[in-house]
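# Commentary on secondary and tertiary structure
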Amino acid sequence: AVGAAAMEEAAAHNGSAAGAGAGAGAPAAARPPATPEGMALAYGSLVLMALLPIFFGALRSVSCAKSKNSSEMPETITSRDAARFPIVASCTLLGLYLFFKIFSQEYINLLLSMYFFVLGILALSHTISPMMNRFFPANFPNKQYQLLFTQGSGESKEEIVNYEFDTKDLVCLALSSVVGVWYLLRKHWIANNLFGLAFSLNGVELLHLNNVSTGCILLGGLFIYDVFWVFGTNVMVTVAKSFEAPIKLVFPQDLLEKGLEADNFAMLGLGDIVIPDLRSLGSAPFPCSLKKNTHTYFYTSFVAYIFGLGLTIFIMHIFKHAQPALLYLVPACIGFPLLVALAKGEVTEMFSYESSAEILPHTPRLTHFPTVSGSPASLADSMQQKLSCPRRRRQQSPSAM
């Protein structure tokens, strides 16, 4: 839930538009105001870090779609999931807020640190694995391994975990573990950003919206969620500042003065990266359905995201108050592609478009459910004939089977 938080800032304390970083020990009032150069560097770096997982996550999402490994296929978010997500996120956010009020913040963050330590290592290992493969020599002794965990025996045996990996994956896991230990011991902002970028890229890569309407439902609900919890209460800002976990990207505004030990941070929630990008990926393959070799809608959504995030930073700098980034990202990410569709006369086609067939081309889709009587074996044989002989299906009636 906090991942969908806005660009957080506590600049009212120090005269800048920066967020007070998680774990910053010094009180805000004791910090000197951020310099214009430091703020420009921090905000520019946040925008750049936000664009990296969007671009590379989109490329890897397409690669997953073209691969034959169904276990790595994107998970499709339905309209019902999109409608329920803001409610679940609100409950989770309020629950975290109450936990921080009732229990010791130190112990809660210790448990969360261990949890995100494991998740961060796995996410970072999955992120760097394709890049690291290029650095391994051709004669590298790469052995295959399989982690198999089953339940029951005989015919009732059921697979619980079936994970295949190789020696190269183990090397990537070891490198990611070094970053994990660094984050666990120091909570350094660079380690936090490495985990945050890995979470964002994996979210963009592995989650998918199969149509534009689902994206509009999701963003519309989170628009209300973000505005309410930032402007209506102090819950969002309190949790974001108390939550010591890599669920946000941070960059110091005093980097030029203090170097890598800087502690006056501007922040951007990971949800403000992943959620708007899911909307853009939902409409990106749309031109392909019209037999048009163009990426107009993806580039439009990309520009819309930059505009919305830049507007968030500008408003936050002017008013010196935390801003819900989705307040500006949602209208931009929905409005820009819609204007392009209006100009091209493709609005109806856009909202009636379903991208499952393009995203999952090798996944069989059963669109006809015949009435078949007989034993389970005869039912299986009949269904196999239906899938292997689609042309004969139209010539036979269900009763002929």
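Worth saying up front: this structure is predicted, and the values here are computed from it rather than measured. (Residues numbered from 1 in each chain as written. Predicted model: local features only at pLDDT ≥ 70, side-chain atom pairs only at ≥ 80, totals over all residues. Heavy atoms only, no water.)

## A word on the environment of Val340
One can find Val340 in helix α12 (residues 326-344). Separated by 40 residues in the primary sequence, Val340 and Thr300 have C-alpha atoms spaced 8.0 Å apart. Discounting chain neighbours no more than four positions away, the residues touching Val340 are Thr296, Tyr297 and Thr300. (Helix = DSSP H or I, 4+ residues; strand = E, 2+ residues; numbered from the N terminus. Contact = heavy atoms within 4.5 Å.)

## What to know about the pattern of salt bridges
Tallied over the entire structure, the rule returns four salt bridges. The salt bridge partner of Asp81 is Arg84, with a shortest N-O separation of 3.1 Å. Residue Asp81 and its partner Arg84 are both found in helix α2 (residues 79-102); the two are separated by three residues, about one turn of the helix. Given a relative accessible area of 47%, Arg84 falls into the partly exposed group. Across the pair Asp263 and Lys258 runs a salt bridge whose closest N-O atoms are separated by 3.4 Å. By relative accessible area, which is 45% here, Lys258 ends up partly exposed. Because the salt bridges share partners, they merge into one network encompassing Asp254, Lys258 and Asp263. (Salt bridge = Lys/Arg side-chain N within 4 Å of Asp/Glu carboxyl O. Buried < 20%, exposed > 50% of the residue type's maximum accessible area, 1.4 Å probe, protein only.)

## Description of the nonpolar core
Formed by 71 residues in total, the largest nonpolar core has its most connected members in Leu46, Val239, Phe243, Ile273 and Tyr305. For this core, the element with the most residues is helix α1 (residues 36-66), which contributes 10 residues. With residues up to four places along the chain from it excluded, the contact list for Tyr305 reads Ala50, Leu51, Ile54, Leu268, Asp272, Ile273, Pro276, Leu329 and Cys333. Counting five residues, the second-largest nonpolar core is a separate cluster that includes Tyr297, Val340, Ala341 and Met350. (Core = buried A, V, L, I, M, F, W, Y, C linked by side-chain atoms within 4.5 Å.)

## What about the UniProt feature "transmembrane region" (unreviewed entry) in the chain?
Sites flagged by UniProt as "transmembrane region" (unreviewed entry) map to residues 40-62, 82-100, 106-124, 209-231, 297-319 and 325-343. End-to-end, the C-alpha atoms of residues 82-100 are 28 Å apart, and along that stretch the chain is 100% helix and 0% strand. In residues 106-124, helix accounts for 100% and strand for 0%; the two terminal C-alpha atoms are 26 Å from one another. (UniProt positions renumbered as here; feature names shortened; annotations may be inferred.)

## Overview of the side chain of Thr214
Along the polypeptide, Thr214 turns up in helix α6 (residues 212-232). The exposure class assigned to Thr214 is buried, which follows from its relative accessible area of 0%.

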